[in-house]
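Per-entry structural report
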Amino acid sequence: MDPGPRDWASLPKDLLYSVLERLVLPGDYLRFSIVCTSWYSAAKDNKVIRARMTAPMLLIYTGKKDYWKLYDIMVNRFLDLQVRVPNKRLCGSSKDCTHWLIFVDKNVADKNFGVTLINPFFRVRGRREKENSIIRLPPLTPPGWEKWFRRCEYYVYKATMSGDPIQDPNNCIVFAIYMEQSLLAFIKPGKDTAWTYVDASVDSTVRGCRLVEEVTCLEGKFYAVNHWSELISFDVTAESYSNVKLVVPAGFKPNCIIKRYLVETKDKELLMVQRYIEFDDEKYIRMTKKFRIFKLNFNLCKWIEETSLGDFALFLGDNTSEAMMPSKFSSCRPNQIYFNHDRDLFSRYGPHDYGVYNIKEESFSQPYTKQANNLVKKSNRLPIWVVPSFHL
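Presented here is an overview of the structure given in this document. Worth saying up front: this structure is predicted, and the values here are computed from it rather than measured.

**Here we look at the sheet that holds strand β11 (residues 196-197)**
Strand order in this open sheet of 8 strands is β7-β6-β5-β4-β8-β9-β10-β11, and the pairing throughout is mixed. Looking at the sheet topology across the chains shown, the edges are occupied by β7 (134-139) and β11. Where strand β6 (residues 112-118) and β7 come together, 4 bridges link them in antiparallel fashion. The residue of β7 that forms the bridge with Leu-117 is Ile-135.

Quick look at the structure:
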């Protein structure tokens, strides 16, 4: 006897929580989340399950139109869904799991370009596109911007944002590191109609906010690290000077190429990670040789080198730097660094400098499947880290 149609949206929350407790894979959690509004609400409200299931995933360009795939590195497989994001270089993302990506978009009619925000999880293939999935910010056009018009994708070296521009627009701040000098600018999308350009200097002896490599916020304070490993603090105000201060002076004189990342941990600690890179001039390829980790001692105003991440794992890339505690349900391991091939102007053969670095053993590995490796290497876009979430 046919029991008739079932009202899946009206199932009790206790029953939905019981189902959630039995989910093991992040992909299953995501599929659960998009069944209907009540199921999404149950998944969102269960903070323990949500924390377990929202580890970073790789967003990889498919090479077809504007579609990108999600690759779950915890179980080494693609999710059976795609998101629609323009085929452009993604130069940044939000740092607080609000899931927005950032790219530079050219406005041919107005002959300028600006920073654009996009939420890929508002744009899932096969589902109706959400309103406000794209937010275009005012033009980022300080003196000298005109020469970048033809290659605007590389105008912004790296960008990041705090807060959600839809749910909390007044507290959302977007930071952009721009032009060849890697200068710093910021804007509050909910309040500002123009960018604020941070003064580059602190005093005559400090390089300050030039050749900036990463920006982050820790307990309401804003920090930037530059090419010389100087740590700079600054205020988000309408003044260009922004009360720029030197927190940690330069202390490293490398004889090789180093890229720097700032990572804030859930223990409210600030890490600087140095990535040592070598280039093969004949083959035009690059390879990461090692990583070094430093923790900020706030009392001494000094970077202290660490030999272990403890229970944390790091995810580093062009768009973001994240620290997380791996779940016992995943193949992600603590004391390891998962890293992507970041933007460079020297390599000719697409993404190849990516993998996992074991800090204790000082060794590298390639954990991804052959299918994932092939898609990454043939893509003309660098893969980036995202933390999946769906909004109904």
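There's more to say after this.
**A short note on the packing of aromatic side chains**
Overall, the coordinates contain 20 aromatic pairs when judged by the stated rule. With centroids separated by 5.2 Å and ring planes inclined at 55 degrees, the aromatic side chains of Tyr-61 and Trp-68 adopt a geometry described as tilted. Taking the relative accessible area as the measure of exposure, Trp-68 reaches 1% and is therefore buried. Centroid distance Tyr-357 to Phe-364: 4.8 Å. Interplanar angle 50 degrees. Geometry classified as tilted. The class of Phe-364 is partly exposed, set by a relative accessible area of 35%. Pairwise contacts between aromatic rings join Phe-113, Trp-145, Trp-148, Tyr-155, Tyr-178 and Tyr-197 into one cluster. Residue placement shows Lys-130 over the ring face of Phe-122; its charged tip is 5.9 Å from the ring centre. When the ring centre of Tyr-276 is taken as reference, the NZ or CZ atom of Lys-290 above it lies at 4.7 Å.

**Considerations on the side chain of Arg-89**
Within the secondary structure layout, Arg-89 lies in the loop between β3 (77-84) and β4 (90-94). Here the side chain of Arg-89 touches Glu-153 through a polar contact of 3.0 Å, landing on its backbone oxygen.

**Some words on the nonpolar core**
Ranked by size, the top nonpolar core spans 28 residues in total, and within it Leu-117, Leu-140, Tyr-155, Val-156 and Trp-195 carry the most contacts. Taken together, the elements giving at least two residues each to this core come down to β5 (101-107), β6, β7, β8 (156-162), β9 (173-178) and β10 (183-187). Not counting the four nearest positions on each side in its chain, Val-156 is found in contact with Arg-89, Cys-91, Val-104, Val-115, Leu-140, Ala-176, Ile-177 and Tyr-178. Membership of the second largest hydrophobic core comes to 19 residues, among which are Leu-58, Ile-60, Cys-332 and Tyr-354.

**Section: the pattern of salt bridges**
Scanning the entire structure with this criterion turns up 15 salt bridges. With a closest N to O distance of 2.4 Å, Arg-84 and Glu-129 form a salt bridge. In this pair, Arg-84 is assigned in strand β3 and Glu-129 in the loop between β6 and β7, connecting sequence segments 45 residues apart. Notably, a salt bridge pairs Arg-275 with Asp-353, separated by 3.4 Å at the nearest N-O pair. Highlighted residues: Arg-275 in strand β17 (residues 270-280) and Asp-353 in the loop between β22 (336-339) and β23 (355-358), separated in sequence by 78 residues. Overall, the relative accessible area of 0% leaves Arg-275 in the buried class.

What counts and how
Residues numbered from 1 in each chain as written. Predicted model: local features only at pLDDT ≥ 70, side-chain atom pairs only at ≥ 80, totals over all residues. Heavy atoms only, no water. Pairing = 2+ DSSP bridges. Helix = DSSP H or I, 4+ residues; strand = E, 2+ residues; numbered from the N terminus. Phe/Tyr/Trp six-rings, centres within 6.5 Å; stacked < 30°, edge-to-face > 60°. Buried < 20%, exposed > 50% of the residue type's maximum accessible area, 1.4 Å probe, protein only. Lys NZ or Arg CZ within 6 Å of the ring centre and 35° of its normal. Polar contact = N/O pair within 3.5 Å; in protein donor to acceptor, adjacent residues only side chain to side chain. Core = buried A, V, L, I, M, F, W, Y, C linked by side-chain atoms within 4.5 Å. Contact = heavy atoms within 4.5 Å. Salt bridge = Lys/Arg side-chain N within 4 Å of Asp/Glu carboxyl O.

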